[in-house]
Each structure stands twice: as structure tokens, then as C-alpha cells.
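Single-letter residue listing:
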Amino acid sequence: MMTPSNGPRPNERERYHPRVEARLQVKVLLSGRTVTAQARDVSMNGLFLQAHPADSQRALTIALPLPGDRELVTMCTIRRREVDGVALEFGELDWDDLIALARFLHPHLP
């Protein structure tokens, strides 16, 4: 079981994809209903969702509307749980989704 942490994020130095701050509303699809939560940051590999899914939940289906572009819908794996939310890793994204995500992230990269 993963436990919440307030300390430095694991593997912060090992990240391959940089994260950008993104206060985006994410739709989480749960058993026929949709719940809205906020993304704190986004990368090409995943996002940090400021929400607390049940401890028994290992994956979530999300819809991430990219401003001025398309909505990405994908299954995500919960990789880490923290006090203020969960780190999600995107499942498979098609080329159009990857390009739209890159278009969104590019202007926000350092």
C-alpha cells in the first residue's frame, strides 16, 4: 500500500518528461458517473490529480480537456499517493493525443 508523503517526491531527479504547472479541470469517470478534480501539473507521461480515489483503486479513466484543442481520454495508473492527491501515469495515447499534449506543454516549458 502506498502512503501519503509530505517530503520530496520520489524519483524527482529521474524524471524524463518535465512537468508544467497546469490548473486544468479533469473529468474522472467512475462507475457511470463523472467527478471533476483539478490537475496540479502535467507532463507527457502523466499528471498530478488533486483528488483522493479509494485506496483500493489502482487505475482511473480520465478525460483531460486541453484548452483550445482536443480532450484526451485515457486509462491512468495510480503511481503514488500523497496528502494532496495522486500521481497518475497515462495509459496509451494515440499520435493525435500525444501531439495535442505536446502543443499544450511546449509554451509552458522552461
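About the thresholds
- Residues numbered from 1 in each chain as written.
- Predicted model: local features only at pLDDT ≥ 70, side-chain atom pairs only at ≥ 80, totals over all residues.
- Heavy atoms only, no water.
- Core = buried A, V, L, I, M, F, W, Y, C linked by side-chain atoms within 4.5 Å.
- Buried < 20%, exposed > 50% of the residue type's maximum accessible area, 1.4 Å probe, protein only.
- Helix = DSSP H or I, 4+ residues; strand = E, 2+ residues; numbered from the N terminus.
- Contact = heavy atoms within 4.5 Å.
- Salt bridge = Lys/Arg side-chain N within 4 Å of Asp/Glu carboxyl O.
- Arc of directions from axis to C-beta.
- Polar contact = N/O pair within 3.5 Å; in protein donor to acceptor, adjacent residues only side chain to side chain.
- Phe/Tyr/Trp six-rings, centres within 6.5 Å; stacked < 30°, edge-to-face > 60°.
- Lys NZ or Arg CZ within 6 Å of the ring centre and 35° of its normal.

A. Local environment of the nonpolar core. Grouped together as the largest cluster of nonpolar side chains are 26 residues, with contacts concentrated most on Leu 47, Leu 49, Ile 62, Leu 64 and Leu 88. Of all the secondary structure elements, the ones that give two or more residues to this core are strand E1 (20–30), strand E2 (33–42), strand E3 (46–50), strand E4 (59–65), strand E5 (71–82), strand E6 (85–90) and helix H1 (95–105). Broken down by element, this core gets its largest block of residues, five residues, from E1. Apart from the residues lying within four places of it in its own chain, the contact partners of Leu 47 are Val 26, Ala 39, Asp 41, Val 42, Ile 62, Leu 64, Val 86, Ala 87, Leu 88 and Phe 90.

B. A look at the pattern of salt bridges. Tallied over the entire structure, the rule returns ten salt bridges. Between Arg 70 and Asp 97 there is a salt bridge, and its shortest N-O distance comes to 2.7 Å. In this pair, Arg 70 sits in the loop between E4 and E5 while Asp 97 sits in helix H1, placing the two residues 27 residues apart along the sequence. Its relative accessible area of 6% is what places Asp 97 among the buried residues. Each of Arg 19, Arg 40, Asp 41 and Asp 84 takes part in one network of salt bridges that share partners.

C. Molecular detail of H1. Within the span of H1, buried status applies to Asp 97, Ala 100, Leu 101, Phe 104 and Leu 105. Axial view of H1: buried residues confined to an arc of 130 degrees, hence all on one face. Its buried side turned inward, H1 meets E1, E2, E5 and E6. Two or three places before Asp 96, at the start of H1, stands the capping residue Asp 94, its side-chain oxygen 3.1 Å from that residue's backbone nitrogen.

D. Structural view of the packing of aromatic side chains. With the rule as written, the count across this model stands at zero aromatic pairs. A cation over an aromatic ring shows up here: Arg 40 above the ring of Phe 48, its NZ or CZ 3.7 Å from the ring centre.

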